[in-house]
Amino acid sequence: MTDDKLARMANQIAAFFATQPGSAAEGVAAHINDNWSPAMRAALLAKVAAGGAGLAPAVIAAAPHLRPAPRTKAQA
Amino acid sequence: MKDFILPTRDMGTPARHGAPVSLTIDGFAVTVPAGTSVLRAAAEAGIRIPKLCATDSLEPIGACRLCAVEIEGQRGTPTSCTTPVAPGMVVRTQTETLARLRRGVMELTISDHPLDCLTCAANGDCELQDMAGAVGLREVRFAPGTNHFAQRTAEAPNPEWRPKDQSNPYFTYDPAKCIVCMRCVRACEEVQGTFALTIDGRGFASRVVAGQDVPFMASDCVSCGACVQACPTATLQENSVIAIGTPERSIITTCAYCGVGCSFEAQMRGDTLVRMVPWKEGKANRGHSCVKGRFAWGYAQHQDRILRPMVREKVTDAWREVSWDEAIGFAAARLQAIRAESGADALGVITSSRCTNEETFLVQKLARAVFGTNNTDTCARVCHSPTGYGLKQTFGTSAGTQDFDSVEAVDCAVVIGANPTDGHPVFASRLRKRMRQGASLIVIDPRRIDLLDTPHMGAGLHLPLRPGTNVAVLTALAHVIVAEELYDEAFIRARCDWDEFADYMEFAARPEHSPEAVEALSGVPAGVLRDAARRYAAAPNGAIYYGLGVTEHSQGSTTVMAIANLAMMTGNIGRPGVGVSPLRGQNNVQGSCDMGSFPQELPGYRHVSDPVARGIFEAAWGVNLSPEPGLRIPNMLDAAVSGAFRAIYIQGEDILQSDPDTRHVAAGLAAMECVIVHDLFLNETAAYAHVFLPGSTFLEKDGTFTNAERRINRVRRVMAPKNGFADWEVTQLLANALGAGWAYTHPSEVMDEIAATTPGFAGVNYAMLEKRGSVQWPCNDAAPDGSPIMHVDGFVRGKGRFIRTEYIATDERSGPRFPLLLTTGRVLSQYNVGAQTRRTENVAWHAEDVLEIHPHDAEVRGVKHGDFVRLTSRVGEISLRADVTERVSPGVVYTTFHHPGTQANVVTTDNSDWATNCPEYKVTAVQVSASNGPSEWQSDYAALVAASRRIAPAAE
Ligand code: SF4
Ligand code: SF4
Ligand code: SF4
Ligand code: FES
């Protein structure tokens, strides 16, 4: 998965939750936790850790709420 | 092989639903609903009155007079088909007078009918023959005179004689045999709603003609076959019956094409299928069908079908035909090697929306329980995944709210992003029938769809919006409903969370959602937006039907929520005639979603992280299941390119042709080391496959399909699988080669496992389906008879939830380089990627994909009708022919994706729905220019496919 595409997907999710009442960061995190595979989440977290260039603020704010990939299952 | 036949006696006239009325017929007391004809009342009592022009699918017209009866206290001999019952009526159906009269009628009819019964295709299946017998016709006393059936008179060619019309590939019209009963004309009007047939001339000169007396294929006829089915003689006859003979038994099964899920009688002679006749008791179709289900089943016997398994080391090798053992062993060894190296998450499956529920259940079980990964997805990803998400968020269940019968009570139908006359023809016919009774129609679609041109319809309104602006338009409708206080406060207070509605009201009322503001975005005039909102809100029963024009957008899920909001705020939920109904593309899209095909959901839409749900399956399957969501199709392809995803088992899907951004799909497939394709034909995806497992058709297996109304219909095996195994057996072979130890001997056992693990299916089993014919889920202790309509007393999630629906423009915007917007769809005669329909006579209607372009856009580009044009987007280009038409608005072009040579998905992009990654097929910025042949990709691709289809002769 290219980081580019992950960023685009995450930003699209953030764009939706930014229009909703309540915390956009929590909305984004819940959606990603429910729907993204561990490897995809790990890649996103790595991108945030690397400075989060190109990521919407709500995505960066969501990072602490993202479930880290379980250690035993690293592939995907 | 077991026959399943319920009596389908012709009752003469349609059923009525009035208060009970009692009368006496031939001395027997009969009680029937008011409004019932005497003919039908007699049939209910088991008394058959001779008849020709009446049949129970059509309103009676009293034309042939054969059904005459005597009624005490009435003079003369009224026709029983047009005479309604009255209390205390005393009817006699057999008297001397009546016998004489009927013989006279028959004698006259037969005098203009050839007496070649012995060699007639309808011999043994002809109502004229039957009636001649029933009335005791023994002689025809008219001297041979003017007639329609003799090719020549004694002196010269007979001017009244007409040759057969064989223009339609599926049926023949032989005017010589017509008795002018007008059943065909009425069937085309009342059942199909096309009005292609008329009676030309009067009296003796009258005859049935298509259009303005042209061949059937040149008329408006859509080849639904309703007229053929209604014809009592051999005048309109299926070519298959002419070729094979009349059938001797029938088996009830379900169409494998679209999401309407029509029930059919597969009429057989031995193990040869003679014809498919829509089943009268079928609750989705009520005895009607379209050209695909009735006629386009020849692909099952097509020579292109691959019947022996094949393998190859590399995709550049020729295929090697091998035994089933070797193929399964080869596949299992590769899968195991990859799993040992890279872990279970390097493996995945794609389930099919064309296969049965049982087959789909087993494929996702293979991934979760045998491979050990949640990497399972289905082609529903690319069509209706936003429906699942959007309706689950708002209503609490990932499915439509209505049954198809509900359309009979609709007052205002809103059709959004769907083209039912082509995509869901039987639903379209049922809706048209309701429209002829006065229901109004609102179409929200960039194209002017045929539904808007329904003959004799009530009010119609078209909102020709710019592609990609669905959310803006629907929110504008909500704005009007809020601003003008047209909402149903009582319903909302009782059934939804008022605070959430208050929030939505505040949101919708914002000036940027006003019709005037949205007119600028969408191109739909503000007055039309207001009109549409008022009509929908004011209708006693307003129903929304939608298709892929809603879901296949970057805001597909948001659009589904906007639809749900509209239905809730107007109280249009929970009774017949209202609701939100997604029109599903493929036959078992609903079922494949229900069966846990998605990577984050176990069967029954329970999230994989839910320990209770996981526990049920862990107990049933004796394995530990992963609590982490797996990969979706686009993510699988991405991961393949990066090397993390290496093996896939694809059942009955052609992702290379059906998924967007073909180059990307090709790159993903090419990067995998084990691609197992399980299909009927060497499809486009198979160009990248290492293992090919032959599939079976719906005629060759048992199982169930779940249609768009959640109806679980039986599919029954009518002939042995030509490839040796039903698809569920092949999956089981593969699972067992990986050590699964499955021991299913019949799909009913799989259904029992589904029922035991999935609450909505708890009450479903084959014995029950055998008895009831079909059932709509949820079917369990709370709803033992199933659920025709959902959310009747409350929403599944408790309170209905309003969600804000802000319009966010797609990244795919037209600009100077790509000034036009491409949107895609389908035509009636073809189905999806066309793998089946292209291998039938249906190619007579749609031999190639064309590009619809508005005359203005064509002119500025120097493009004329029929020219070859080049269609370019930022990801690719293809060439195809132009169809210059005003059906599309200026700035919009449209094409279909039925033919692999066209490869429309070379130009579609990888944009997708924010929530579900459902691809944005419906909006691609493109440019169109003159061209003189296939694009480079098309030529290269044709060469690649030809090379990859080589099959080495078996080394024996
Ligand atoms: S096949 Fe269908 S559309 Fe064609 S004439 Fe017959 S009823 Fe009408
Ligand atoms: S074609 Fe058949 S159905 Fe039509 S009028 Fe003639 S006999 Fe009747
Ligand atoms: S394709 Fe659809 S409408 Fe046509 S017969 Fe099959 S299920 Fe019915
Ligand atoms: S059947 Fe009643 S008039 Fe023909």
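Up top is the structure.
Cut-offs applied
- Residues numbered from 1 in each chain as written.
- Chains lettered and ligands numbered in written order.
- Predicted model: local features only at pLDDT ≥ 70, side-chain atom pairs only at ≥ 80, totals over all residues.
- Heavy atoms only, no water.
- Contact = heavy atoms within 4.5 Å.
- Buried area = accessible area lost by both parts, 1.4 Å probe.
- Salt bridge = Lys/Arg side-chain N within 4 Å of Asp/Glu carboxyl O.
- Polar contact = N/O pair within 3.5 Å; in protein donor to acceptor, adjacent residues only side chain to side chain.
- Helix = DSSP H or I, 4+ residues; strand = E, 2+ residues; numbered from the N terminus.
- Buried < 20%, exposed > 50% of the residue type's maximum accessible area, 1.4 Å probe, protein only.
- Pairing = 2+ DSSP bridges.
- Axes fitted to C-alpha atoms, helices over the stretch in contact; angles between N-to-C directions.
- Phe/Tyr/Trp six-rings, centres within 6.5 Å; stacked < 30°, edge-to-face > 60°.

Tell me about the interface of chain B and chain A, residues and numbers included.
In this complex, chain B contributes 34 residues to the contact, which on the side of chain A involves 26 residues. For the chain B and chain A pair, buried surface summed over both sides reaches about 2600 Å², with 52% attributable to carbon and sulfur atoms. Three residues stand out in chain B for area buried against chain A, namely Glu628, Arg804 and Trp914 of chain B, and they jointly supply 25% of the buried area on that side. Our count for the contact surface shared by chain B and chain A stands at three salt bridges. Note that glutamate 628 of chain B is salt-bridged to arginine 67 of chain A, the shortest N-O span being 3.0 Å. Counting the contacts that link chain B with chain A gives 12 residue pairs in polar contact (both at pLDDT 80 or more). Breaking the side of chain B that touches chain A down by element, the ones donating at least two residues are α19 (556-569) and α22 (633-641) of chain B.

Now, about the pattern of salt bridges: what can you tell me, with residues and values included?
Residue and element names in this part refer to chain B. Taken as a whole and assessed by the stated rule, the structure comprises 49 salt bridges over all chains. With its nearest N and O atoms 2.6 Å apart, the salt bridge here joins arginine 183 to glutamate 127. Of this pair, arginine 183 sits in helix α4 (residues 183-192) while glutamate 127 is found in helix α3 (residues 127-134), placing the two residues 56 residues apart along the sequence. Of the residues examined, arginine 183 reaches a relative accessible area of 1% and is grouped as buried. Residue classification places glutamate 127 among the partly exposed residues on the basis of a relative accessible area of 21%. Residue arginine 887 is joined to aspartate 450 by a salt bridge in which the shortest nitrogen-to-oxygen separation is 2.8 Å. Placement of arginine 887 in the loop between β32 (877-884) and β33 (892-896) and of aspartate 450 in the loop between β17 (440-444) and β18 (460-463) is noted, with a sequence separation of 437 residues between them. Overall, the relative accessible area of 28% leaves aspartate 450 in the partly exposed class.

Any chance you could break down the sheet that holds strand β20 (residues 580-582) of chain B for me, citing the residues and the numbers?
Residue and element names in this part refer to chain B. With parallel pairing, five strands are arranged side by side in an open sheet as β18-β17-β16-β19-β20. Only two strands of the sheet have a single neighbouring strand rather than two, namely β18 and β20. Along the sheet, successive strands turn relative to each other by an average axial angle of 15 degrees, direction set aside. Summarising the sheet, strand β16 (residues 412-416) and strand β19 (residues 542-546) pair through five bridges and their orientation is parallel. Note on β19: the bridge partner recorded for alanine 413 is alanine 543.

Can you explain the packing of aromatic side chains? Please cite residues and give values.
Residues and elements named next belong to chain B. Applying the stated criterion across every chain, the model contains 23 aromatic pairs over all chains. With a centroid separation of 6.2 Å and an interplanar angle of 35 degrees, the aromatic rings of phenylalanine 171 and phenylalanine 295 are classed as tilted. Remark: phenylalanine 295 occurs in helix α7 (residues 291-295) and phenylalanine 171 occurs in strand β5 (residues 171-173); sequence separation between them is 124 residues. The burial state of phenylalanine 171 is the same as that of phenylalanine 295; both residues are buried. When the ring of tyrosine 389 is compared with that of tryptophan 914, the centres are 5.8 Å apart and the planes differ by 90 degrees; the resulting orientation is edge-to-face. Note that tyrosine 389 is positioned in helix α10 (residues 385-394) and tryptophan 914 in the loop between β33 and β34 (924-930), a separation of 525 residues in sequence. Taking relative accessible area as the criterion, tryptophan 914 reaches 5% and is therefore assigned buried. Through a chain of ring-to-ring contacts, the aromatic side chains of Tyr487, Trp498, Phe501, Tyr504, Phe507 and Phe802 assemble into a single cluster.

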